[in-house]
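Architecture and fold: a report
If you want the building blocks of each chain, they are given just below.
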Amino acid sequence: QLVQATETTAARLKNLTGQKAAFLDKLERLCEWVGQKESAAKEGSLKSTLEAKQSHLDKLEELRTEIAAKEPEFNELSSLAQGVEGTLSKRPQLLLRFQCLLPAVEEQISRYKAHVKDHAQFNTKQATLSEWIKATKPKLLQLSDVVGDTAVLQVRVRLTSSAGL
């Protein structure tokens, strides 16, 4: 009976050791993954072009999807931890970091959506202004000659005033 009890205990110990190793391996991989995603979420240098801003926004939205897809692995980590003693020190910190990651990315996404929208509006207004300048330039050149009698000059002044020049 002693031999059988020893073999049973040895098998349980081997099983627990395997569970602990699997848990620690998963914990390390998830810690590294969270660190990488935290860095990606914090990379928030403002881009100078609309295309660069849109590209960064797309990357942030992909990051949000990737984080959401990783949630089952973190839930699995919690269930693995229940069967493993003495491994609880890093797990709560990791879970807290993971839970803070998604709101941080959401904040970055909303910020970049505003940047993209503002930049697009600026580009539209700039294009409108450029078109107005191109359309107004010939009129201005036509009205810039100071030749003619007082009546002709007064008509030109009225045309200039009404055109907003």
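As a reminder, the structure under discussion sits directly above these lines.
Residues numbered from 1 in each chain as written. Predicted model: local features only at pLDDT ≥ 70, side-chain atom pairs only at ≥ 80, totals over all residues. Heavy atoms only, no water.

Describing the nonpolar core
- Counting 22 residues, the largest nonpolar core has W33, I67, F74 and L94 as the members making the most contacts within it.
- At the level of secondary structure, the elements contributing two or more residues to this core comprise α1 (2–42), α2 (50–82) and α3 (90–143).
- Top contributing element to this core by residue count: α3, with 8 residues.
- Not counting chain neighbours up to four residues away, the residues in contact with W33 comprise E66, I67, K70, F74, F98 and L101. (Core = buried A, V, L, I, M, F, W, Y, C linked by side-chain atoms within 4.5 Å. Buried < 20%, exposed > 50% of the residue type's maximum accessible area, 1.4 Å probe, protein only. Helix = DSSP H or I, 4+ residues; strand = E, 2+ residues; numbered from the N terminus. Contact = heavy atoms within 4.5 Å.)

Points about the environment of G44
- In this structure, G44 sits in the loop between α1 and α2.
- The sequence separation of G44 and L141 amounts to 97 residues, and the corresponding C-alpha distance is 47 Å.
- Contact partners of G44, with chain neighbours within four places excluded, come to Q108 and Y112.

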